Amino acid sequence: MITRRNLLLGGAAAGLSGCTLLDGLTDDSGLRAFLQGAENLTMTAQRLIIGNSLAPEFTAADIRQGQHPNGSTGVDSDEYRAMRADGFASYSLQVTGLVERPLSIPYAQLTGLPARTQITRHDCVEGWSCIAKWMGVPLSVILDQARPLLNARFAVFNCFDAIEHGLGGDVLYYESIDMVDARHPQTILAWAMNDRALPVQNGAPLRLRVERQLGYKMAKYVRSIELVDSLAGIGAGRGSYWADRGYEWYAGI
Ligand SMILES: Nc1nc2c(c(=O)[nH]1)N[C@H]1C(S)=C(S)[C@@H](COP(=O)(O)O)O[C@H]1N2
Ligand SMILES: [Mo]
């Protein structure tokens with residue numbers, strides 16, 4: 001079966017520079033076949049196979065190069081430039097929607113919260129992977145502070161970057177995950193990468209890591225997290241910039 005992902009994987013293999021093409025995941029490996037097959041399974045079936053298990057974690061020796069920047073690599077707005085100029089001291093993460101306590105968490109407070117460090121492999125749907133070390137606050141820590149209401153089913157990430165400049169105006173990047181992934185121990189809001197402050201090209205000041213899904217789920221430049229009971233009102237209705245353009249919403253790997 002020729003899926004969009006197969007086409008992308010084939011196409012990307014030729015032109016990629018920067019990151020090692022698919023660290024530990026060569027073109028003819030069984031794992032790649034599994035990944036491609038997995039897209040045809042439903043999310044429920046994937047969850048049965050994966051359970052709530054952890055994604056593989058690696059050692060520092062496995063980090064071969066910097067994280068290959070992809071998608072937006074910066075934000076073209078005065079608001080963002082001003083935050084960047086002060087080292088993001090004026091940034092605050094907003095937590096809104098179906099919560100008991102809406103939050104506005106300043107950068108200095110975010111980086112002072114309990115943090116998790118994990119060395120994981122980022123798999124982009126275009127056919128490359130990078131192993132990097134991520135450090136940040138578990139999303140569950142933020143949720144415990146905000147106290148989601150019982151009807152909260154999804155966490156939506158609204159980003160600063162305009163991924164599309166159309167006649168109808170700019171489209172800002174957005175993504176979403178369900179509460180199972182939101183509460184997963186490896187789901188963190190990363191503010192550091194490879195022992196340094198998160199670089200602008202990789203999503204400064206804050207980016208999501210949701211380690212059992214593909215790269216496009218890992219929203220960079222996160223402005224706010226909104227808890228909702230339905231994705232119908234988000235973007236074109238699927239709660240994700242790329243899902244609204246034909247990719248899987250649940251991009252399990
Ligand atoms: N805000 C935002 N997040 C984003 C993207 C983007 O364009 N904008 N691209 C996605 C894609 S397709 C990938 S592979 C990763 C790339 O992350 P990196 O630049 O740190 O490698 O970010 C994801 N998150
Ligand atoms: Mo990607």
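For this particular structure, what's the right way to read the nonpolar core?
In a soluble, globular protein the nonpolar side chains are often hidden away together inside. Residues Ile-142, Phe-157 and Leu-189 are the most contacted members of the largest nonpolar core, which totals 60 residues. Counting residues per element, this core draws most heavily on strand 5 (residues 154–166), which supplies 6 residues. Among residues more than four places away in sequence, those in contact with Ile-142 are Val-95, Leu-103, Ile-105, Leu-110, Leu-113, Val-137 and Leu-189. Grouped together as the second largest cluster of nonpolar side chains are 6 residues, Ile-188, Ala-190, Met-193 and Leu-198 included.

For this particular structure, what's the right way to read the pairing of strand 5?
Looking along a regular strand, one sees side chains alternate from face to face of the sheet. As judged from the 9 bridges shared by strand 5 and strand 6 (residues 169–178), these two strands associate in the antiparallel manner. Counted as the bridge partner of Ala-162 is Leu-172 from strand 6. Bridge count for strand 5 against strand 10 (residues 222–228) is 6 bridges, and the pairing is antiparallel. The partner of Asn-158 across the bridge, within strand 10, is Ser-224.

So what exactly am I meant to see when it comes to unusual backbone geometry here?
Leave glycine aside and you will find that most residues have negative phi; peptide bonds, for their part, are mostly trans. A cis amide bond links Ala-204 to the next residue, Pro-205, at an omega of 5°. Topologically, Pro-205 is positioned in the loop between strand 8 (196–197) and strand 9 (207–209). One non-glycine residue, Phe-88, lies in the positive phi region at around 70°. By the element assignment, Phe-88 lies in the loop between helix 4 (78–85) and strand 1 (92–97). The phi dihedral of Asp-195 is positive, around 70°, even though this residue is not glycine. Following the sequence through the fold, Asp-195 ends up in the loop between strand 7 (188–193) and strand 8. Among the residues examined, Asp-195 registers a relative accessible area of 63% and is labelled exposed.

Parameters at a glance
Residues numbered from 1 in each chain as written. Chains lettered and ligands numbered in written order. Predicted model: local features only at pLDDT ≥ 70, side-chain atom pairs only at ≥ 80, totals over all residues. Heavy atoms only, no water. Core = buried A, V, L, I, M, F, W, Y, C linked by side-chain atoms within 4.5 Å. Buried < 20%, exposed > 50% of the residue type's maximum accessible area, 1.4 Å probe, protein only. Helix = DSSP H or I, 4+ residues; strand = E, 2+ residues; numbered from the N terminus. Contact = heavy atoms within 4.5 Å. Pairing = 2+ DSSP bridges.

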